[in-house]
Amino acid sequence: MADPQINGNPSPSSKPANLLFALPCPLSSGPPPSPSSSNATRTKNRCLALTATDTAPPAMETVGTAPAPLEAPVKKKLLDLKNPFPAGAGAANGAKASPVGKWTMKKKLVGGDAGYVLEDVPHLTDFLPELPVRARPLCSLISWVSSICRLSRIPSKTIRRIQSSSKNSPHFVLPFYCFHPNLIIIHPDTVVPKLTFLPTTCSLRQYFVNPDDTVTQKIVVHKTSPRGTHFRRAGPRQRVYFQSDEVNAAIVTCGGLCPGLNTVVRELVCGLYDMYGVTSIVGIEGGYKGFYSKNTIPLTPKSVNDIHKRGGTVLGTSRGGHDTNKIVDCLQDRGINQVYIIGGDGTQKGASVIYEEVRRRGLKCSVVGVPKTIDNDIAVIDKSFGFDTAVEEAQRAIDAAHVEAESAENGIGVVKLMGRNSGFIAMYATLASRDVDCCLIPESPFYLEGKGGLLEFIERRLKENGHMVIVVAEGAGQDLIAKSMNFVDTQDASGNKLLLDVGLWLSQKIKDHFKKKPNFPITLKYIDPTYMIRAVKSNASDNVYCTLLAHSALHGAMAGYTGFTVAPVNGRHAYIPFYRITEKQNKVVITDRMWARVLCSTNQPCFLSHEDVENMKHDDDHEHHLHNTQLLEGESSPAKNSSNCNGSVPAG
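Residues numbered from 1 in each chain as written. Predicted model: local features only at pLDDT ≥ 70, side-chain atom pairs only at ≥ 80, totals over all residues. Heavy atoms only, no water.

For the chain, an unreviewed UniProt entry supplies the name ATP-dependent 6-phosphofructokinase and the organism Digitaria exilis.

In structure tokens, the structure reads:
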């Protein structure tokens, strides 16, 4: 029997046999329904018609539109992705041939017109070419319908699940007793065969990301500039490579604490459960070493419901402990085929090695990174989660230091903030506070003694204002401390250089300087809020950001992408290859306007000569030019590598 006409006004005599119920859909956009429709008059809103099925349709489309066929892959020119599996590899000497053979990570580049370069991320089909594509799952319809009911303030108990009398999968029906003012009952006792959307709502297909959508890395260009580097846009795909019931996902948090860790864990669990119907999700305790030394923790939406209201991580964390073979053995033994690794640049380097080993073994397992660093020192991305919260909490410490300094004679408040190699927290907290007189960061060297030095500036500012506040990042002035103490470099378990306490050292140097001036007494207060900032829960801005990161990560994994990290680039979330965020760190550019704004706010000297500034600017420009040259004119050039693109031959 054909579907009834829904595009126009429904006839009173026509009874749609394939609709279950309709309710207001405040989230959709589009023109309102015809006012002559009786249903539209009752709801005064566009309605979403929901039905159930035992199997997912090939595609979820607007009523009256044929399901979209599987999209043919667009032929593009791959710049550099040599076939890593030569025929017969490993077969010599009687050895059993590996499904993947020996593999080394290579850049997967796609060229286009006008200097367009896509730095693509790996896909499972790169080394598992026979992997079948799936239609997007209908997921758990009960949880989905319940979510819509909550949005429309319809009690979730009005939806109940019953088993079909046949051997098919369960159907869902709406009982007679659940009348509600916002609910239009069409056929409450009918079990119906498919999910449909009324034409007055926007098509669900518009929710999917276009396969050709990319995000540009550099947003400011000249009219003659090449289009430059792009990354694949993050978001849900219409076709996926995992069935809901076959997914075994694992989540691990590594490295130091950061606001928002629990929020990311929560949204990964709830997103997998609610959007894809995945129910097998475990947490790995204690960082990387938890893969092979501890038991897993089952994670459900109920168990993670309130964890975003707490600081730290419910999974625990640690530094080091990375043993690639043991970790991948664990993934293989436990049947884990999606692993979400949350951590900083060191953690992402470890994730990259895990991905390489997974690919070498030919496992169907997506390895996904979620970048975490409170210092905001991960390259390429706009910012890392927890950074906004850290700046907000740092400002509280600065406010306290300002009160202390202002209340004393020649008062000095010294605040040490996080920033091992990058001074972003110190810079942004200084701009947010407007009470800071001097901001010291690792990227901008300074000196103490002599004309134009820091001590001379402190003395001058105290004479002018009677008090001052100094903000110093933990990585600033380390070379000066090492020289004065003959300190030998040591490293922690993550391979990070152990830093000396620049706050205590600087405070002592200031006190020693003014001891030589008995007619110039000072009162100095030193505040170190480092661990207080790391341990707080994330603020509203970071909570939203963590949600977007988690959803983008799981969409990519379900779509078969692997070996990538997810983060916003120029405001758009993108999938970025591991090597792009681990090859260097993000640092404050002291020739940039943001640092100039800091100098304008504090009225401090830059402690650098004109030659130093020009040299730094030249180094920055040269590095950016070198990267573009390598992509467009180096070994990956279409002209030089036009015949080794996975065996494809470029069009003439």
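Back to the text.
1. Concerning the pattern of salt bridges
Between side chains of opposite charge, a pair can form when the charged atoms approach closely. For clarity, the threshold we go by: Each reported salt bridge corresponds to a side-chain nitrogen of Lys or Arg within 4 Å of a carboxyl oxygen of Asp or Glu. To qualify as a helix, a DSSP run of H or I must reach at least 4 residues; to qualify as a strand, a run of E must reach at least 2; elements of each kind are numbered from the N terminus. Note on exposure labels: buried denotes an accessible area under 20% of the residue type's maximum, exposed denotes more than 50%, and partly exposed covers the range between, all computed with a 1.4 Å probe on protein chains only.
Counted under the stated rule, the structure contains 20 salt bridges. Two residues, Arg580 and Glu119, come together in a salt bridge whose shortest N-O distance is 3.1 Å. Note that Arg580 is positioned in helix H14 (residues 578-582) and Glu119 in strand S5 (residues 116-120), a separation of 461 residues in sequence. Judged by its relative accessible area of 0%, Glu119 falls in the buried class. In this structure, Arg461 and Glu464 form a salt bridge, with 3.6 Å as the shortest nitrogen-oxygen distance. Of this pair, Arg461 and Glu464 both sit in helix H9 (residues 454-465), separated by three residues, roughly a single helical turn.

2. Section: the environment of Tyr561
Cut-off, in case you're wondering: By the convention used here, residues are in contact when the closest approach between their heavy atoms is within 4.5 Å.
Turning to its location among the elements, Tyr561 is positioned in the loop between helix H13 (540-558) and strand S22 (564-569). Taking the relative accessible area as the measure of exposure, Tyr561 reaches 11% and is therefore buried. For the pair Tyr561 and Tyr575, spaced 14 residues apart in the sequence, the C-alpha separation amounts to 8.7 Å. Contact partners of Tyr561, with chain neighbours within four places excluded, come to Val121, Pro122, His123, Arg232, Arg237, Ser366, Gly556 and Tyr575.

3. Examining the packing of helix H8 (residues 424-433) against helix H15 (residues 593-602)
As a reminder, the rule being used: As a rule, the C-alpha atoms of each element are fitted with a line to give its axis, helices using only the stretch in contact, and angles between N-to-C directions run from 0 to 180 degrees. Note that the term roughly parallel is reserved for angles under 35 degrees, roughly antiparallel for angles over 145, roughly perpendicular for angles of 65 to 115, and oblique for everything else. Crossing chirality is assigned from the near helix's rotation relative to the far helix, an anticlockwise turn below a right angle marking it left-handed and a clockwise turn marking it right-handed. Just so you know the grouping, Ala, Val, Leu, Ile, Met, Phe, Trp, Tyr, Cys and Pro go in nonpolar, Asp, Glu, Lys and Arg go in charged, and all remaining residues, Gly too, go in polar.
Taken N-terminus to C-terminus, the directions of H8 and H15 make an angle of 45°; their axes are 10 Å apart at the nearest point. Taken together, the axes of H8 and H15 are oblique relative to one another. As H8 packs across H15, the resulting crossing turns out to be left-handed. Between H8 and H15, the residues in contact are Met427, Tyr428, Thr430 and Leu431 and Met594, Trp595, Arg597, Val598, Ser601 and Thr602, respectively. Within the contact of H8 with H15, the residues separate by chemical class into six nonpolar, three polar and one charged.

4. Description of the side chain of Arg461
Rule in force here: Side-chain atoms alone can form a polar contact between residues adjacent in sequence; in general such a contact is a pair of N or O atoms within 3.5 Å, and within protein one must be able to donate a hydrogen while the other accepts it.
Of the residues examined, Arg461 reaches a relative accessible area of 8% and is grouped as buried. Polar side-chain contacts of Arg461 include one of 3.2 Å to the backbone oxygen of Asn603. Excluding anything up to four places from it in sequence, Arg461 contacts Asp437, Gly466, His467, Met468, Thr602 and Asn603.

5. Some thoughts on the pairing of S5
To be explicit about the condition: Any two strands between which DSSP finds at least two bridges are classified as paired.
In terms of residue burial, S5 counts as a mostly covered element, since five of its five residues are buried. Side chains of S5 alternate between two faces, with Tyr116, Leu118 and Asp120 and Val117 and Glu119 buried alike. Summarising the sheet, strand S4 (residues 108-111) and S5 pair through four bridges and their orientation is antiparallel. Residue pairing in the sheet places Val110 in a bridge with Leu118 of S5. Hairpin connection, S4 to S5: the antiparallel pair is bridged by four residues, and Ala114 has positive phi, about 60°. In this structure, S5 lies alongside strand S11 (residues 228-233), joined through three bridges in parallel fashion. Residue pairing in the sheet places Val117 in a bridge with Thr229 of S11.

6. Thoughts on the packing of aromatic side chains
Cut-off, in case you're wondering: Under the pairing criterion, centres of Phe, Tyr and Trp rings, with the six-membered ring standing for Trp, must be within 6.5 Å; the plane angle then separates stacked pairs below 30 degrees from edge-to-face pairs above 60, leaving the rest tilted.
The tally for this structure, following the rule as stated, stands at five aromatic pairs. When the ring of Phe387 is compared with that of Tyr428, the centres are 5.4 Å apart and the planes differ by 85°; the resulting orientation is edge-to-face. Placement of the pair is Phe387 in helix H7 (residues 387-406) and Tyr428 in helix H8, with a sequence separation of 41 residues. On the basis of relative accessibility, which here comes to 4%, the residue Phe387 falls in the buried class. For Tyr428, a relative accessible area of 32% puts it in the partly exposed group. Arranged with centres 5.7 Å apart and planes meeting at 45°, the rings of Tyr561 and Tyr575 form a pair that is tilted.

7. Observations regarding helix H11 (residues 502-515)
To be explicit about the condition: Expected helix span is computed as 1.5 Å times (number of residues minus one).
The end-to-end C-alpha distance of H11, which contains 14 residues, comes to 20 Å, matching closely the 20 Å that a straight helix rising 1.5 Å per residue would cover. Residues of H11 that are buried sit in contact with strand S18 (411-417), strand S19 (438-440), H9, strand S20 (467-473), helix H10 (478-485) and strand S21 (523-527). Capping of H11 at its N-terminal end is provided by Asp501; its side-chain oxygen lies 3.0 Å from the backbone amide nitrogen of Gly503.

8. Details of unusual backbone geometry
In this structure, Ala114 takes a positive phi of about 60° despite not being glycine. In this fold, Ala114 is placed in the loop between S4 and S5. Using a relative accessible area of 56% as the deciding quantity, one classes Ala114 as exposed. Phi at Asn410 is positive, roughly 50°, even though this residue is not glycine. Here Asn410 lies in the loop between H7 and S18. A relative accessible area of 13% means that Asn410 is categorised as buried.

9. Describing the sheet that holds S20
Taken together, the four strands give an open sheet; going across it, the order is S19-S20-S18-S21, and neighbouring strands pair in parallel fashion. Edge positions in the sheet fall to S19 and S21, since each has one partner strand and no second. Pairwise comparison of adjacent strand axes, ignoring direction, gives a mean angle of 15° for this sheet. In this sheet, S20 lies alongside S19 in parallel orientation, the contact comprising three bridges. Counterpart to Cys438 in the pairing with S20 is Ile470. Each of S18, S19 and S20 is contacted by H9, which is oriented at about 145° to S20, the strand it contacts most.

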